[in-house]
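# Structure assessment
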Amino acid sequence: MVDDEAKIRELVGAYLEREGYHVLLAENGLDALRLAERLRPDLLVLDLGLPDIPGEELLRLLRRSSDVPVVMLTARASEGDRVAGLRLGADDYVTKPFSPRELVARVGAVLRRAGGGRPGRVPTFASGRLAIDQESREVSLDGESIELTRTEFDLLVILSSRPGRAWTRAELISRLQGHGFDGYDRTVDVHVKNLRRKLGDHSRRPSFVLTVAGIGYKFGAIADE
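In the nomenclature of an unreviewed UniProt entry, the chain is known as Response regulator transcription factor of Blastococcus goldschmidtiae.

As structure tokens, this is what we get:
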């Protein structure tokens with residue numbers, strides 16, 4: 001999901017995650033390109049009015065090496081704009097203001113046409129020393145497999161889905177509750193401690209799961225490459 005407006009990113013991301021999709025968010029074109037090259041998403045929801053690279057140019061760059069389905073999301077509502085977007089290689093075109101439910105339905109329809117089904121194939125995360133395969137629920141560090149509990153794995157997936165994003169303990173609990181998580185704020189600390197130990201993270205200077213004072217935790221593997 002690529003949009004420079006934080007409220008729209010968070011809203012669309014929440015609706016898509018509610019439908020079972022794994023969502024990566026980017027606020028500009030350069031971040032989107034890096035994520036697309038690294039994680040090979042099944043679909044992009046792309047705003048045209050980005051602050052650094054026009055959405056049309058971003059789509060042209062993507063099309064040089066990828067046929068990933070793209071749903072354009074933009075305030076440009078004229079017939080000419082829609083036709084131009086589709087000719088550039090967009091698979092669908094949604095204008096603002098929009099219905100999040102309709103957008104999710106369009107994402108599902110585009111994925112079905114592309115053979116991706118619903119929800120989309122969960123991408124594999126790979127950054128430096130750490131690799132996370134969500135389909136097989138396997139984690140490796142420096143090529144060596146790591147055994148994680150279900151909650152530890154889900155916690156790692158949530159944190160790594162938004163590198164650098166600070167998560168409160170309450171947010172993490174809310175995301176984990178769908179996996180039968182039973183706990184309160186400080187229970188997260190216990191799972192983080194165990195996760196760090198298995199990742200070889202030093203408690204005072206961790207590389208992967210970082211403490212955000214007064215808030216909670218964030219994932220820092222990409223920044224530390």
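Of regular secondary structure, the chain possesses 8 helices and 10 strands. Buried residues in the chain amount to 46% of all 225 residues. Sequence-distant contacts, at least 24 apart, represent 52% of the contacts inside the chain between residues at least 6 apart. Carbon and sulfur atoms make up 46% of the accessible area of the chain, which amounts to about 11800 Å² in all.

Let us now look at the sheet that holds strand E9 (residues 209-212). Spatial strand order, E8-E10-E9: 3 strands in an open sheet with antiparallel pairing. Strands with a single pairing partner mark the edges of an open sheet, and in this sheet they are strand E8 (167-168) and E9. Two elements, E9 and strand E10 (residues 216-219), share 4 bridges in a ladder whose sense is antiparallel. Paired with Val 209 across the strands is Phe 219, a residue of E10. This element, helix H6 (residues 150-160), spans E8, E9 and E10 of the sheet and lies at about 70 degrees to E10.

A packed helix pair is summarised by two numbers, namely the angle formed by the two axes and the spacing between the axes. Two numbers describe how helix H2 (residues 29-39) lies on helix H3 (residues 55-63): the axes approach to 10 Å, and their chain directions differ by 20 degrees. When the axis of H2 is compared with that of H3, the two are roughly parallel. As for how H2 packs across H3, the hand of that crossing is right-handed. Where H2 abuts H3, its residues Gly 29, Ala 32, Leu 33 and Ala 36 lie against Leu 58, Leu 61 and Leu 62. Tallied by class, residues from the contact of H2 with H3 come to 6 nonpolar, 1 polar and no charged.

In this section: the layout of surface pockets. Of the voids in this model, the second largest pocket is the one considered here, and its volume is about 320 Å³. In terms of lining residues, the second largest pocket is bounded by 14 residues, among which Leu 25, Ala 26, Asp 31, Leu 35 and Pro 163 are the most central. The class makeup of the residues in the lining of the second largest pocket is 6 nonpolar, 1 polar and 7 charged.

Among the structural elements, Thr 74 can be located in strand E2 (residues 70-74). Note on Thr 74: relative accessible area 2%, which makes it buried. Dropping the residues within four chain positions of it, Thr 74 is found in contact with Asp 47, Leu 48, Tyr 93, Val 94, Thr 95 and Lys 96.

Before going further, it helps to examine the pairing of strand E5 (residues 130-133). The side-chain alternation of E5 yields one buried face, formed by Leu 130 and Ile 132, and one unburied face, formed by Ala 131 and Asp 133. Note: E5 against strand E6 (residues 138-141), 4 bridges, orientation antiparallel. Counterpart to Ile 132 in the pairing with E6 is Val 139. In this structure, the hairpin formed by E5 and E6 is closed by a connection of 4 residues, where Arg 137 is found at a positive phi of approximately 55 degrees.

Criteria and cut-off values
Residues numbered from 1 in each chain as written. Predicted model: local features only at pLDDT ≥ 70, side-chain atom pairs only at ≥ 80, totals over all residues. Heavy atoms only, no water. Helix = DSSP H or I, 4+ residues; strand = E, 2+ residues; numbered from the N terminus. Buried < 20%, exposed > 50% of the residue type's maximum accessible area, 1.4 Å probe, protein only. Contact = heavy atoms within 4.5 Å. Areas by Shrake-Rupley, 256 points an atom, 1.4 Å probe, with all protein chains shown as cover. Pairing = 2+ DSSP bridges. Axes fitted to C-alpha atoms, helices over the stretch in contact; angles between N-to-C directions. Parallel < 35°, antiparallel > 145°, perpendicular 65-115°, else oblique. Left-handed = near helix turned anticlockwise from the far one by under 90°. Nonpolar A, V, L, I, M, F, W, Y, C, P; charged D, E, K, R; others polar. 1 Å grid on protein atoms, 1.4 Å probe; cavity = no way out; pocket = protein on both sides within 12 Å on 5 of 7 lines; lining within 4 Å. Points joined across faces, edges and corners; volume = space filled by probe spheres on them.

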